[in-house]
Amino acid sequence: MKTPSPWLLLGALLVCACDDSTPGPQSPDAGSQVDRGPRAIPLEGDPNGLFWDATTQTLFIADDQNHRILKYRDGEGVSVAAAWPDAPANSPNLGEVVRLQDGTLVTVRFGFGNAGAVLFVRPDGTPGTVPNLPINRRRIGVTVTKDGRILDSYFVRNNNVNVGSIAHVTLEGTETEIVGALQKPVGVLAVDDTLYIADQIAGKVYRSSLATPAELTTLATITEPDLLALGPAGTLLTGTRQGTVLSISTRDGATSALATGFQQVRGLAYDEANRRIFAADHDDDETNGTTHFLQIIPVD
């Protein structure tokens, strides 16, 4: 069984840019102790996308191995939040996960070119699949704009050439391209009026206005960026296949390593109230046993 290598915390991990009005650590329930880490929680599953819901103090985890969503809460640990029973053969792989304002969870299935899908589970626990979407689209990222629109990232492979896009998808069954000419868009994140896109093959993090999303500019150049999350003080977070958690300045694109020594960092989420980062730590070497972790990283 693989164990995570010791962390190398660079600098003070992250300098908190909050003023005295920033809320301190909060407990989700009376008597529950918030775990700020550092801690590695072994998972019965392969974590990919992460979404922190501050309202319910719940972390949602897309299980890239078992076609389900897990959840983590302080004092309760990890449990199953939702599962879809109809996983296609050899395609249970899920990407990012988000929670809509009404409580609906939305995730995407990669599908390897023959089973791509957008999945959801209603607040009452009813799971579903968005109808009528092309199954050849390899979907990885998903985000929600401030006005409630769902955007996903995908690519199709033609003669071993990737053609990637960002699209506006509805749960009723439409998917309309808003950004094209990408290679392998993995991360997609809407923050206020701005759209951020991490293209893993291009090694770029792009930025555009949601009013004109196709007018991209390069924010940062990074080797194989993964899923994106909003981090402390308005920064972006992304992980790397080299096991590093990176911070990206949205002002000038400057990058810094917050923590390293992990296996492969996929999804990330930030709990602002309790000043901690959650990281999906994927074990890419199965020759000595497979151990995937949920990492909790304190931010001070």
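All of these numbers come straight from a predicted model, not from anything done at the bench.

Calculation rules
- Residues numbered from 1 in each chain as written.
- Predicted model: local features only at pLDDT ≥ 70, side-chain atom pairs only at ≥ 80, totals over all residues.
- Heavy atoms only, no water.
- Helix = DSSP H or I, 4+ residues; strand = E, 2+ residues; numbered from the N terminus.
- Buried < 20%, exposed > 50% of the residue type's maximum accessible area, 1.4 Å probe, protein only.
- Contact = heavy atoms within 4.5 Å.
- Areas by Shrake-Rupley, 256 points an atom, 1.4 Å probe, with all protein chains shown as cover.
- Pairing = 2+ DSSP bridges.
- Axes fitted to C-alpha atoms, helices over the stretch in contact; angles between N-to-C directions.
- Salt bridge = Lys/Arg side-chain N within 4 Å of Asp/Glu carboxyl O.
- pLDDT = per-residue confidence, 0-100.
- Phe/Tyr/Trp six-rings, centres within 6.5 Å; stacked < 30°, edge-to-face > 60°.

**Structural notes on the overall build of the protein**
No. 1: Helix and strand content of the protein: zero helices and 25 strands.
No. 2: Looking at the protein residue by residue over its 300 residues, the buried ones come to 56%.
No. 3: Of the contacts made within the protein by residues no fewer than 6 positions apart, 45% connect residues no fewer than 24 positions apart.
No. 4: Carbon and sulfur atoms provide 48% of the accessible area of the protein, an area that totals close to 12,800 Å².

**Regarding the environment of Gly116**
No. 1: If you trace the backbone, Gly116 turns up in the loop between strand 8 (105-109) and strand 9 (117-121).
No. 2: Under the relative-accessibility criterion, Gly116 is labelled buried at 5%.
No. 3: Expressed as a C-alpha distance, the spacing of Gly116 and Ile135, which sit 19 residues apart in the sequence, is 4.4 Å.

**A few points about the sheet that holds strand 17 (residues 204-209)**
No. 1: Across the sheet, which stays open at both edges, the four strands sit in the order 15-16-17-18 with antiparallel pairing between neighbours. Each end of this open sheet is capped by a strand with a single partner; those strands are strand 15 (185-191) and strand 18 (212-221). Strand-to-strand, the axes of this sheet are offset by a mean angle of 25°, without reference to chain direction.
No. 2: Pairing of strand 16 (residues 194-199) with strand 17, which is carried by six bridges, proceeds in the antiparallel orientation. Paired with Ile197 across the strands is Tyr206, a residue of strand 17.

**Let's talk about the pattern of salt bridges**
Any two side chains of opposite charge can pair if their charged atoms end up close together.
No. 1: Counted under the stated rule, the structure contains 15 salt bridges.
No. 2: Put simply, Arg73 and Glu76 hold a salt bridge, and the shortest N to O gap is 3.3 Å.
No. 3: Its relative accessible area of 11% is what places Arg73 among the buried residues.
No. 4: A salt bridge links Asp152 to Arg139; the nearest nitrogen and oxygen atoms lie 3.5 Å apart. A residue pair is termed long-range when its members are at least 10 positions apart, and Asp152 in strand 12 (residues 150-158) and Arg139 in strand 11 (residues 138-144) qualify at 13 residues.
No. 5: We classify Arg139 as buried; its relative accessible area is 0%.
No. 6: Salt bridges sharing common partners tie together Arg137, Arg139, Asp152 and Glu175.

**Some thoughts on the environment of Val163**
No. 1: Within the secondary structure layout, Val163 lies in strand 13 (residues 161-170).
No. 2: By relative accessible area, which is 39% here, Val163 ends up partly exposed.
No. 3: In this structure the C-alpha to C-alpha distance between Val163 and Ala181, which are 18 residues apart in sequence, comes to 6.4 Å.
No. 4: Setting aside chain neighbours within four positions, we find Val163 in contact with Tyr154, Phe155, Val156, Asn158, Leu182 and Gln183.

**A look at the confidence of the model for the protein**
No. 1: Within the protein, residue pLDDT values average 90, and 89% of them lie at 70 or more.
No. 2: Scored below 50 in pLDDT, residues 3-27 makes 51 contacts in the model with residues more than four places away or belonging to other chains.

**Section: the packing of aromatic side chains**
No. 1: Following the criterion strictly, the structure yields four aromatic pairs and no others.
No. 2: Centroid distance Phe110 to Phe112: 5.0 Å. Interplanar angle 85°. Geometry classified as edge-to-face.
No. 3: Using a relative accessible area of 41% as the deciding quantity, one classes Phe112 as partly exposed.
No. 4: Following the ring pairs from residue to residue traces out a cluster consisting of Trp52, Tyr72 and Phe278.

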